[in-house]
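Residues per chain, in single letters:
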Amino acid sequence: MSFQNAPTRQDFPADFRWGVSTSSFQIEGAGDADGKGESIWDRFCKQPGRIRDGGNGLVACDHYHLYPQDLDMAKAMGVNAYRFSIAWPRILPNGHLGRGAVNEAGLAFYDRLVDAMLERGLDPWCTLYHWDLPQALQDQGGWLSRETVAAFVEYTDIVTRRLGDRVKHWITHNEPWCSSMMSYWENVHAPGGTSFADALQASHHILLSHGLAIPVIRKNVPGADIGITLSLHPITAASDSPEDAAALQRHDGLRNRWFLDPLFGRGYPADTLALAGDAAPTVLPGDLEAIATPTDFLGVNYYFPEMVKHDPDPKTGGPMRASLVEKQGVERSGFGWEVSPQGLVDLLARVQRDYNPTVIQLTENGSTFEDVLTPEGRVHDKERLSYLQRHLAALKAAVDAGVPVKGYFAWSLLDNFEWAEGYLRRFGLAYVDYPTQRRILKDSGLWYGQFLNE
Ligand code: FCB
């Protein structure tokens, strides 16, 4: 289906949650304010060649100071939920209590931020880890070390004790694929690394820290609503051949099932473990049970589908012996990501069929294109607007088909620091003019506001 007709808000259940999504390092700035410690992304940005435009998070959108106006804008847009993340090094500049005290000024910032959301009728959705690990923990091995797992649980305890009276929705981790595979193996995200074995070990520790944090959140937050957010991809094979079909299974094993299976109590997929061989992670007794601790929702981030083919060459096909194929003649956004609203329908149907979560929250979805600020101060982002409208139409189709998706969070409220791409990629519903820090709602943001206020 092409999903050409934009839905209206009334096409969705009345209690559907509408939000925008952000993350600490990407928008806050104030990189060394008020006792904040160094994060792995601060360090990474200092390494020449890591960030395409040489950018860093020191100022970003200066949301640390401008949050009242940003939340005003979110409120005016009509969203009822606001997803943000906590910068761990603001709370524990040295990573954990064994190495230094809690930074009260860091907690106080999130107090102010959360109170400001509540004053505006925005329900806070808090992500505990959106990739800005304290550098002090990286110095002890980062996610390769079980000590980081313990430190995450301690950090979770501190944050949820402080904010749990006001914040009910908690996301432990954002996209463990990125904080393990892209960070320890593909060498594009902090801390940087090229080892597949390290990436698998990191992913295991990240999932374990998620599982062990859940009872802590439940203890500290009456009525907590807890989940984890995964980046998931619908995948197709390049041909009908049995070889490509098998490649699809292998690629899906690492990309999707590696995370979904253990969370849903099935342990790591046997086929992926077999292909990993010696690179398989060390898993201690009890770990898998902890990872499978029940949650209240599954967070799904959807951006694009993938197509793969059989590729026996380890250099290009990797350990899964599958490589990505560029589909011809398809629409693409910046990054070359395929634009596929149908992919969202397919993905949600698959997650429901194979894992049957009680609730799904679509915690990110969005697109990047070249934006032009006109002399009249407008941004006519036709393509992003169309992307948003068609993905909401696809979302409606999924809801109508009975998928238990209960909320949608657009990525992102603001243009921001897009990781290894620096400030070159704009994903915001609002344009940020970085030299002046002026925010300008793009046509997509104006439309989302109309949709929500109808
Ligand atoms: C996701 C990340 C988010 C943002 C978008 C474009 O993978 O969670 O921080 O970078 O991609």
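You'll find the protein entered in an unreviewed UniProt entry as GH1 family beta-glucosidase, with Roseateles hydrophilus given as the organism.

With that out of the way, let us pick up the overall build of the protein. Each helix and strand in the protein was counted, giving 16 helices and 13 strands. Computed over the C-alpha atoms, the radius of gyration of the protein is 21 Å, within 12% of the 22 Å expected from 2.2 N^0.38 for a compact globule of 454 residues. For the protein, the spread of C-alpha atoms along the principal axes amounts to about 55 × 55 × 45 Å. Within the protein, contacts between residues at least 6 apart in sequence are counted, and of these 77% link residues at least 24 apart. Treating the 42 positive side-chain charges of the protein as one cloud and the 57 negative ones as another, the clouds have centres 1 Å apart.

The immediate surroundings of the ligand are formed by Gln26, His130, Trp131, Asn174, Glu175, Tyr303, Glu364, Trp411, Glu418, Trp419 and Phe427. Here an oxygen atom of the ligand and a side-chain polar atom of His130 are 2.8 Å apart. In this structure, an oxygen atom belonging to the ligand sits 2.5 Å away from a side-chain N or O atom of Glu175. Out of a free accessible area of 300 Å², the ligand has 94% covered by protein chains. Here the shell around the ligand is built from residues that sort into five nonpolar, three polar and three charged.

Right, let's talk about the pattern of salt bridges for a bit. Side chains carrying opposite charge are able to pair once their charged atoms draw close together. Inspection of every chain in the model, using the stated rule, returns 35 salt bridges. Among the salt bridges present, the one from Arg384 reaches Asp371, with a minimum N-O distance of 3.0 Å. Of this pair, Arg384 sits in helix H15 (residues 382-400) while Asp371 sits in the loop between strand E10 (360-364) and H15; the two residues are 13 residues apart in sequence, bridging distant segments of the chain. Neither Arg384 nor Asp371 differs from the other in exposure class; each is buried. Each member of the salt-bridge network shares a partner with another, and the members are Glu104, Asp111, Asp115, Arg162, Asp165 and Arg166.

Moving on to the environment of Ala246. Its location among the elements puts Ala246 in helix H10 (residues 242-263). Between the alpha carbons of Ala246 and His310 there is a distance of 7.4 Å; along the sequence they are 64 residues apart.

Moving on, we come to the side chain of His189. On the secondary structure map, His189 appears in the loop between helix H8 (176-185) and helix H9 (196-220). Once residues within four sequence positions are removed from consideration, His189 is found in contact with Trp41, Phe44, Trp131, Cys178, Met182, Ser183, Trp419 and Ala420.

With parallel pairing, the eight strands of this closed barrel are ordered in space as E1-E2-E3-E4-E5-E7-E10-E11. On average, each strand axis in the sheet is inclined to that of its neighbour by 25°, with strand direction left out of account. In this sheet, E10 lies alongside strand E7 (residues 297-301) in parallel orientation, the contact comprising four bridges. Its bridge partner being in E10, Val300 is matched across the sheet by Leu362.

The next point concerns unusual backbone geometry. With an omega of 5°, the peptide bond between Ala190 and Pro191 qualifies as cis. Position of Pro191 relative to the elements: it lies in the loop between H8 and H9. A positive phi angle, near 45°, is found at Ala60, a position not held by glycine. Residue placement: Ala60 occurs in the loop between helix H2 (40-45) and helix H3 (63-77).

Of all hydrophobic cores here, the largest spans 123 residues; its most connected members are Trp18, Trp41, Tyr82, Trp88, Leu395, Tyr408 and Tyr448. Top contributing element to this core by residue count: H9, with ten residues. Each residue touching Trp18, except ones within four places of it in the same chain, is listed here: Arg9, Phe12, Val79, Asn80, Ala81, Leu392, Leu395, Tyr408, Tyr448, Phe451 and Leu452. The next biggest cluster of nonpolar side chains, apart from the first, holds six residues, and it includes Ala81, Trp125, Ile171 and Phe297.

The terminal C-alpha atoms of helix H5 (residues 104-119) lie 22 Å apart, and with 16 residues this matches the ideal 22 Å at 1.5 Å per residue to within 8%. Looking only at H5, the buried set comprises Gly106, Leu107, Phe109, Tyr110, Asp111, Leu113, Val114, Ala116 and Met117. Those residues of H5 that are buried lie in contact with helix H1 (24-27), H3, strand E2 (81-85), helix H4 (88-91), strand E3 (123-129) and helix H7 (146-163).

With that settled, the discussion passes to the state of the cysteines. One pass over the structure, following the stated rule, counts zero disulfides. A disulfide-free cysteine, Cys61 has its sulfur positioned 14 Å from the sulfur of Cys45, the nearest such atom. According to the relative accessible area criterion, Cys61 is buried, its value standing at 0%. No disulfide involves Cys126; its sulfur sits 18 Å from the nearest other cysteine sulfur, which is in Cys61.

Conventions and cut-offs
- Every chain is numbered independently, its residues counted from 1 as its sequence is written.
- Given that this is a predicted model, residues contribute local features only at a pLDDT of at least 70 and side-chain atom pairs are listed and counted only at 80 or more, while totals for whole chains, interfaces and linings are drawn from all residues.
- Only hydrogens and water are removed before side-chain values are computed, so all heavy atoms of the structure are retained for them.
- Counting from the N terminus, the helices are DSSP H or I runs at least four residues long and the strands are E runs at least two residues long.
- Taken over C-alpha atoms, the radius of gyration is set against a globule rule of 2.2 Å times the number of residues to the power 0.38.
- Contacts were defined at the residue level, with two residues in contact if any of their heavy atoms lie within 4.5 Å.
- A residue counts as positive if it is Lys or Arg and as negative if it is Asp or Glu; His and the chain ends are not included.
- Taken as the charge centre is NZ of Lys, CZ of Arg, CG of Asp or CD of Glu, depending on the residue.
- Here a residue counts as near a molecule or strand whenever at least one of its heavy atoms sits within 4 Å of it.
- For this analysis, a polar contact is any N or O atom pair within 3.5 Å, provided that within protein one partner can donate a hydrogen and the other can accept it, and provided that sequence-adjacent residues contribute only side-chain to side-chain pairs.
- Each accessible area value is a Shrake-Rupley result obtained with a 1.4 Å probe; residue values ignore everything except the protein chains displayed when judging cover.
- As a working rule, the residues Ala, Val, Leu, Ile, Met, Phe, Trp, Tyr, Cys and Pro are called nonpolar, Asp, Glu, Lys and Arg charged, and the rest polar, with Gly in that last group.
- Within this document, salt bridges are pairs made up of a side-chain nitrogen of Lys or Arg and a carboxyl oxygen of Asp or Glu, the two lying within 4 Å of each other.
- Burial classification: accessible surface area is computed with a 1.4 Å probe over protein chains only, and a residue below 20% of its type maximum counts as buried, one above 50% as exposed, and the rest as partly exposed.
- Pairing between strands is defined by DSSP: at least two bridges between them are needed.
- Between N-to-C directions, angles cover 0 to 180 degrees, with each direction set by a line fitted to C-alpha atoms, over the stretch in contact for helices.
- Side-chain atoms within 4.5 Å link the members of a nonpolar core, which is a set of buried Ala, Val, Leu, Ile, Met, Phe, Trp, Tyr and Cys residues.
- Multiply 1.5 Å by the residue count of a helix minus one, and that product is the helix's expected span.
- When two cysteine sulfur atoms are found within 2.5 Å, that pair is recorded as a disulfide.

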